[in-house]
Amino acid sequence: MSYVPRKQPVSGAAATLRPDSLAFALDGAARALARLRAGTALPDALATVHAGIASAQACGAIQDLAYRATRQLARADAWLATLVRRAPAEHVANVLRCAFALLAEPDATRAYPDFTVVNQAVDAIAARADVAHTKGLVNAVLRNMVRSRPALLAEAMLDPVTRWNYPRWWIDALQRTWPDDAQRLLEVGNAHAPMTLRVNRRQTDVATYLERLRTSGIDALRNSACPDTALTLREPMPVERLPGFAQGTVSVQDAGAQRAAALLDVRDRMRVLDACAAPGGKTGHLLECADIELVALDSDAARAARIKENLARLKLRASVQIGDAGEPSQWHDGRRFDRILADVPCSASGIVRRHPDIRWLRRSTDIIALVAEQRRIVQALWPLLERGGQLLYVTCSIFPEESEQQAAWFEHALEDAVRLDAPGQILPTAARSGDHCDAHRDARSDLDQDGFFYARFQKR
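One structure accompanies this document, and this report is about it.

Cut-offs and rules
- Residues numbered from 1 in each chain as written.
- Predicted model: local features only at pLDDT ≥ 70, side-chain atom pairs only at ≥ 80, totals over all residues.
- Heavy atoms only, no water.
- Pairing = 2+ DSSP bridges.
- Helix = DSSP H or I, 4+ residues; strand = E, 2+ residues; numbered from the N terminus.
- Axes fitted to C-alpha atoms, helices over the stretch in contact; angles between N-to-C directions.
- Contact = heavy atoms within 4.5 Å.
- Buried < 20%, exposed > 50% of the residue type's maximum accessible area, 1.4 Å probe, protein only.
- Lys, Arg positive; Asp, Glu negative; His and termini not counted.
- Salt bridge = Lys/Arg side-chain N within 4 Å of Asp/Glu carboxyl O.
- Polar contact = N/O pair within 3.5 Å; in protein donor to acceptor, adjacent residues only side chain to side chain.
- Arc of directions from axis to C-beta.

**Re the sheet that holds strand β5 (residues 271–275)**
Ordered by their spatial adjacency, seven strands build an open sheet running β7-β6-β5-β8-β9-β11-β10, and the pairing between neighbours is mixed. Only two strands of the sheet have a single neighbouring strand rather than two, namely β7 (319–322) and β10 (417–426). Pairwise comparison of adjacent strand axes, ignoring direction, gives a mean angle of 15 degrees for this sheet. The strands that helix α12 (residues 255–264) touches are β5, β8 (337–343), β9 (385–395), β10 and β11 (452–459); relative to β11, the one it contacts most, it runs at about 10 degrees. Along the sheet face, helix α13 (residues 281–289) touches β5, β6 (293–298), β8 and β11 and points at about 180 degrees away from the line of β6.

**Here we look at the environment of Tyr-67**
Within the secondary structure, Tyr-67 sits in helix α3 (residues 56–71). Taking C-alpha positions, Tyr-67 is 21 Å from Ala-89, a pair spaced 22 residues apart along the chain. Setting aside residues no more than four positions away along its own chain, Tyr-67 makes contact with Leu-42, Pro-43, Leu-46, Arg-354 and Pro-356.

**What to know about the side chain of Lys-459**
Relative to the assigned elements, Lys-459 resides in strand β11. Buried and without a salt bridge, Lys-459 has Asp-416 as its closest oppositely charged side chain, separated by 4.5 Å. There is a polar contact of 2.9 Å between the side chain of Lys-459 and the backbone oxygen of Trp-382. With sequence-adjacent residues up to four places away left out, Lys-459 is seen in contact with Arg-336, Trp-382, Pro-383, Leu-385, Glu-386, Arg-387, Gly-388, Gly-389 and Asp-416.

**What about the sheet that holds strand β4 (residues 250–252)?**
Taken in spatial order, the four strands of this open sheet run β2-β3-β1-β4, and their pairing is antiparallel. What marks the edges here is a single partner per strand, and that holds for β2 (220–222) and β4. Taken over all neighbouring pairs, the strand axes of this sheet differ in orientation by 30 degrees on average, direction set aside. Both strand β1 (residues 196–199) and strand β3 (residues 230–233) contribute to a ladder of three bridges, which runs antiparallel. Note that in β3 the partner of Thr-196 across the bridge is Thr-232. Against the sheet, α13 touches β1 and β4, its axis set at about 30 degrees to β1.

**Here's the deal with helix α10 (residues 182–189)**
Since the α-helix turns once every 3.6 residues, residues separated by three or four places project in the same direction. Considered for burial, the residues of α10 that qualify are Ala-182, Leu-185, Leu-186, Val-188 and Gly-189. All buried residues of α10 fall inside an arc of 165 degrees around its axis, so they share one side. Where α10 is buried, its residues touch α8 (160–164), α9 (168–177) and α15 (358–361).

Here it is in structure tokens:
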């Protein structure tokens, strides 16, 4: 079983605020934002905050607000510097950042009236003894923000960093690499990611399950990125509401990620390695495609436990092992593989709409280290492949240093490698685009996927 944080008694401001209030959510999101700004991934930061909260609804509200604030972080920092003369305490600054994110949303999609956001932010601050004396400041700053909102938003559009809410190096990299697509990619990265399902073809097919959804009152459409298995819901929902989810009929997986299994072309009785496998989405998909002997490898024990949980729901089996993919001596039994899926660590720049914190946690210098790690892993895995076997190199990156440049390097560095056809770079597309993505429909509404890179190599 994976590690689940133990519930602790709620303390501090949260103890005096109603869990169903916006003030409670503002307090929790601000605490998560503090951990993010200290370098913790947002899911991990939220897990720590949620550990003391019994209400699933309250946890959901905190998560939603934290993600909204993360998508608006550059603007929030700029507005904080403009509207506050002296830097306030960290928690006060983060409550303001979260409130700014709500107040900056377009009228059509604004979640709360202005006066509610202001009053609840003041309540959140007043509930904490260490910063309660600043509630007047918070009230004044937020009221000023509401009055000055048109001018503040207009000014934000003049600077690429505050316009797009990305670090400068990331914007420069996209404009240099994808000059014709850079603006669209920035917009897609700010979109709210869809909920896409993978239909388990051992149990049913896309058309049958689509009708089953409609019978249950759930609106979905085929996703043309992977039409044989992928359906995208019009509106996300808890997985418990999906017909057959508990029985393994469907899984949640982006359509771009679903391409891996078809590209690997697994067949019955093959021996397959899924390296860097957690949380097990591609592992499950491979096992749904054929009766194979599969080794699912991950270096993190807690994440490896997630693979087992996912396979148990699907009623499928694999040998789940813990070890470094770049050090086969830790885990390899000496038997070669017919297929290897090398889904290597990367910048995750292609899935930033799902993980908006990535843009703030990554540094431009990280790419150099990631490129070295990717080469280390592939070079270590290549000798484990049977002659005639295939290795699929995968990243969820849109930076060429981790994608096409790496594939070209592998083609020359691996002397007995032949590069086969594969999609190469898949840029992310969104059914909705724009700053908040709730009011704008893309004409390609059935093509919605994250960004991936796929390169396929065969051993002579």
